[in-house]
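Descriptive structure summary
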Amino acid sequence: MVFTDAKTQMILAILYFAYQIFAFFILGSNVTRFCSARRIQSIATALIIGYFIYYTLFECVALPMKIRGNSLYELAVTWSVVVGGVLIISVLLNEDYLKDSFRLLKQGVCSDKRFFGAFAVLILINFVLMVSLTAETMGVQDDSYYIADATTSLFTNTIQQYDYYSGQRITQHAAMYFIPMYPVHGAVVGKLLHLHPIIENKWCSVLSVLILSQLSYYLLAQKLLKGKKKKSLQLLYLMTFFHINYVLWGKASGTFFYYRLSEGKGILSNLIIPALILFFWEANESREKARWCALESVILGSVSICMSSLFLLPVAYAGLMAGAALKEKSLKKSPIFLMLLTPSLCALVVYQMMLRGMIVILVQ
């Protein structure tokens, strides 16, 4: 595997990031087009939902191929065909909605340039700090998994069949990190674009998760502050101030936000849990099926991204269910909420069975 020069890597990184944002929005529009609100906020919602749909779709393609022992090249080709086909179909089905969304976005930017400029500055401040800190801390966190695992798969043309410490071929898949296929996606991108896993993970993934996490926080602030845009943005700046201070003092929330945003636990704490709260809130208030689909997309996507989600998401979900039941003084919606959590609970059961040797998956 030969990577291109630094300039080409930069161009590829920009193109790949643009592809990510496009794919997330197109996939998310399959859900938001059925929501009653056609405001500019629906674009942000589509991006967040699309992120989880994207990695759920990748999980559905990659995990069976990993179990069967297919090569990374075969996965890359298959994924290209699947995601390309889904995106084309989505564009054709949602053509009118997409045109309407872009028109709303253009009108929104033109009518409130200061707001969008301030939001862009906020993203830039955070991203510059993240990139500068990454250069100082590369290799001291979980890079052995998120970078080395993808690199090992890339150079061996396999799907997680080699130990990235010893270089030896493993005989059976370990329970830990077996289910989430998020790191393998970096290897697939490297195979298709010759983009280095460090660039894909530490630059492209960081920037996309940063934008989506800030959008999640903004939409939550909008609900808390009853739609006040300026105060919602001020709250995001205040959160950034505290995060920076937490980094200086070595506190956990700032550390995971600035050092580890592209890692599973960073995504869990800064995107998955906020999105879970946001869409649970909306699903509890609305009878629209699209709101429930949005909530389910977070639950499914969390399984494909982070192993820790199997433990922490049900706990957070149970807290939200308890709060909703106390507020409404009724358990009427509890069966529906529990049904949505079923995929996460099933994945947790499989993990526990693998951990105890009840399920053994040999490397083919």
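Residues numbered from 1 in each chain as written. Predicted model: local features only at pLDDT ≥ 70, side-chain atom pairs only at ≥ 80, totals over all residues. Heavy atoms only, no water.

1. So, a nonpolar patch on the surface
Heads up, the condition is: Excluding any residue in a salt bridge, patches collect residues exceeding 30% relative accessible area, merging like charges within 9 Å and nonpolar Val, Leu, Ile, Met, Phe, Trp and Tyr side chains within 5 Å. Using a 1.4 Å probe, accessible areas were evaluated by the Shrake-Rupley method; residue-level cover was limited to the displayed protein chains. When a carboxyl oxygen of Asp or Glu lies within 4 Å of a side-chain nitrogen of Lys or Arg, that pair is called a salt bridge. Where helices and strands are cited, they refer to DSSP runs of H or I of at least four residues and of E of at least two residues respectively, numbered from the N terminus. Relative accessibility thresholds used throughout: buried, under 20% of the residue-type maximum; exposed, over 50%; partly exposed, between the two (1.4 Å probe, protein chains only).
Among the surface-exposed residues, Leu235, Leu238, Phe241 and Phe242 lie close enough to one another that they form a single nonpolar patch of about 360 Å² accessible area. On the secondary structure map, Leu235 appears in helix α10 (residues 229–248). Look at Leu235 and you get partly exposed, because its relative accessible area is 32%.

2. Observations regarding the nonpolar core
Our working rule: The nonpolar core is taken to be a set of buried Ala, Val, Leu, Ile, Met, Phe, Trp, Tyr and Cys residues, with the residues joined through side-chain atoms within 4.5 Å. Contacts between residues were defined by any pair of non-hydrogen atoms, one from each residue, lying within 4.5 Å.
Counting 101 residues, the largest nonpolar core has Ile48, Tyr51, Phe52, Leu75, Phe279, Leu295 and Tyr317 as the members making the most contacts within it. The element contributing the most residues to this core is helix α2 (residues 41–68), with 16 residues. Among residues more than four places away in sequence, those in contact with Leu75 are Phe58, Val61, Ala62, Met65, Ile159, Val184 and Val188. Listed in part, the seven residues of the second largest apolar core include Leu12, Ala13, Tyr16 and Cys204.

3. A short note on the pattern of salt bridges
Opposite charge on two side chains makes pairing possible when the charged atoms of those side chains draw close. Counted under the stated rule, the structure contains six salt bridges. In this structure, the salt-bridge partner of Glu95 is Lys99, at a minimum N-O distance of 3.3 Å. Here Glu95 and its partner Lys99 are both found in helix α4 (residues 95–111), four residues apart, which amounts to about one turn of the helix. Judged by its relative accessible area of 38%, Glu95 falls in the partly exposed class. Lys99 gets classed as exposed once you look at its relative accessible area, which sits at 52%. For the salt bridge of Arg291 with Glu288, the shortest nitrogen-to-oxygen distance reads 3.2 Å. Residue class for Arg291 comes out buried when judged on its relative accessible area of 14%. Each of Glu282, Glu288 and Arg291 takes part in salt bridges that share partners, so that together they form one network.

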